[in-house]
Amino acid sequence: MRSLLAVFSTALILSAAVGGTPAGASQGSPPSCPRGLLFCEDFERLPTGGPSTMNWGVDTRHGTLTVERARRGNQVLHIQTVDNGRAFLRVDDFAAPGNRFYGRMRLRVDAFPTAPDWAHFTLVEATGTGSAEVVRPVGGQYAPTVPGTFWGVGADGGPTGDWTNWRESAPVAEDTWQCFEWKLDATNNRVTVWIDGVANPELTASTSDHGGNDVPFVLPTVDTVKIGWQLYQGGTTPGEFDVWIDDIALSSRRLGC
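Here goes a summary of the coordinates provided. Remember, predicted model here, so these are calculated numbers, not experimental data. (Residues numbered from 1 in each chain as written. Predicted model: local features only at pLDDT ≥ 70, side-chain atom pairs only at ≥ 80, totals over all residues. Heavy atoms only, no water.)

## Quick word on the overall build of the protein
Each helix and strand counted, the protein has 1 helix and 13 strands in total. A burial count over the protein gives 46% of its 257 residues as buried. Within the protein, contacts between residues at least 6 apart in sequence are counted, and of these 66% link residues at least 24 apart. Element-wise, carbon and sulfur atoms account for 51% of the exposed surface of the protein, whose accessible area totals about 12500 Å². (Helix = DSSP H or I, 4+ residues; strand = E, 2+ residues; numbered from the N terminus. Buried < 20%, exposed > 50% of the residue type's maximum accessible area, 1.4 Å probe, protein only. Contact = heavy atoms within 4.5 Å. Areas by Shrake-Rupley, 256 points an atom, 1.4 Å probe, with all protein chains shown as cover.)

Here it is in structure tokens:
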């Protein structure tokens, strides 16, 4: 009898241990929204369908935002736009100590533009006071001269003009989940980017080193951050765009992927 009880007890312990971690989960992995962040959204607590939250706003034109369940069981934000439409999750009343912060998101783009020539797009945009620059740390452009579509830091609306400093060393990857991180730092007005945890020193901007007019590049004191998709030229190929985003976080420290 004692042997049977011992076997039964061992089976219960093993069963509890196995059942304590969902299938596919990584034991000991950090939570996607730890305490102390400036902003965080992993979409897990939201109902599926159109956004229903007081934590962030929506900015759309010929586009939609939908919370949906992904294949692996987690929830993600599905962005759909038509032609040169836009659809952004909008973080307002944002404030980072010292106007210095890191961002992170996981991202999958079904297909990038291959027309018209020089079609350029934005996935992250930061604006604020003290400078008219609309800063785009995550974006890119189709370059018909290569040809190819490449990631690049960019800006618009300020003295440096409308530019996307795309790099052939940073080609886009379609229909693939990637982790993007960026840093905006008022010290030297620096923009820095990491892709899948790897620094991309070519994807940077600073006061005197950027892709615009030969004037200083000055970051605004950021109070609004938009994350989603916008394409600026009409007559696109493809005619519609699908983007999935997850695990968005803005922080005073780098979170990593």
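## Quick look at the packing of aromatic side chains
Here the distance between the centres and the angle between the planes together describe a pair of aromatic rings. One pass over the full model with this rule turns up 13 aromatic pairs. With a centroid separation of 6.1 Å and 35 degrees between ring planes, the pair formed by Y102 and W194 is classed as tilted. Of this pair, Y102 sits in strand β4 (residues 100-109) while W194 sits in strand β10 (residues 190-195), and the two are 92 residues apart along the sequence. Of the two residues, Y102 and W194, both sit in the buried class. An aromatic cluster of at least three residues, connected via ring pairs, comprises F112, F121, W151, F180, W229 and F241. Directly above the aromatic system of W177 lies the positively charged group of R72, at a separation of 6.0 Å from the ring centroid. Sitting over the face of the ring of W244, R108 holds its NZ or CZ atom 4.1 Å from the ring centroid. (Phe/Tyr/Trp six-rings, centres within 6.5 Å; stacked < 30°, edge-to-face > 60°. Lys NZ or Arg CZ within 6 Å of the ring centre and 35° of its normal.)

## Regarding unusual backbone geometry
The omega angle of the peptide bond from V146 to P147 is -15 degrees, so this bond is cis rather than trans. One non-glycine residue with positive phi stands out, namely D83, at about 55 degrees. Along the polypeptide, D83 turns up in strand β3 (residues 75-91). The backbone of D196 sits at a positive phi, close to 55 degrees, despite the residue not being glycine. The exposure class assigned to D196 is partly exposed, which follows from its relative accessible area of 43%.

## Some details on the nonpolar core
Counting 51 residues, the largest nonpolar core has M105, L123, W151 and W229 as its most contacted members. Beyond its immediate chain neighbours, meaning those up to four positions away, M105 contacts L123, V124, V138, Q178, C179, F180, W182, I227, I245, D246, D247 and I248. (Core = buried A, V, L, I, M, F, W, Y, C linked by side-chain atoms within 4.5 Å.)

## Topic: the pairing of β4
Counting buried residues in β4 gives 8 out of 10 residues, a clear majority hidden from the surface. As judged from the 8 bridges shared by β4 and strand β9 (residues 178-185), these two strands associate in the antiparallel manner. Its bridge partner being in β9, M105 is matched across the sheet by F180. As defined by bridge partners, β4 adjoins strand β13 (residues 240-251) across 7 bridges and the pair is classed as antiparallel. By the bridge assignment for β13, R106 is matched with D246. (Pairing = 2+ DSSP bridges.)

## Brief notes about the environment of H62
Following the sequence through the fold, H62 ends up in strand β2 (residues 57-69). Distance in space between the C-alpha atoms of H62 and G85 is 4.7 Å, their sequence separation being 23 residues. Ignoring sequence-local partners within four residues, the contact set of H62 consists of Q80, T81, V82, G85 and R86.

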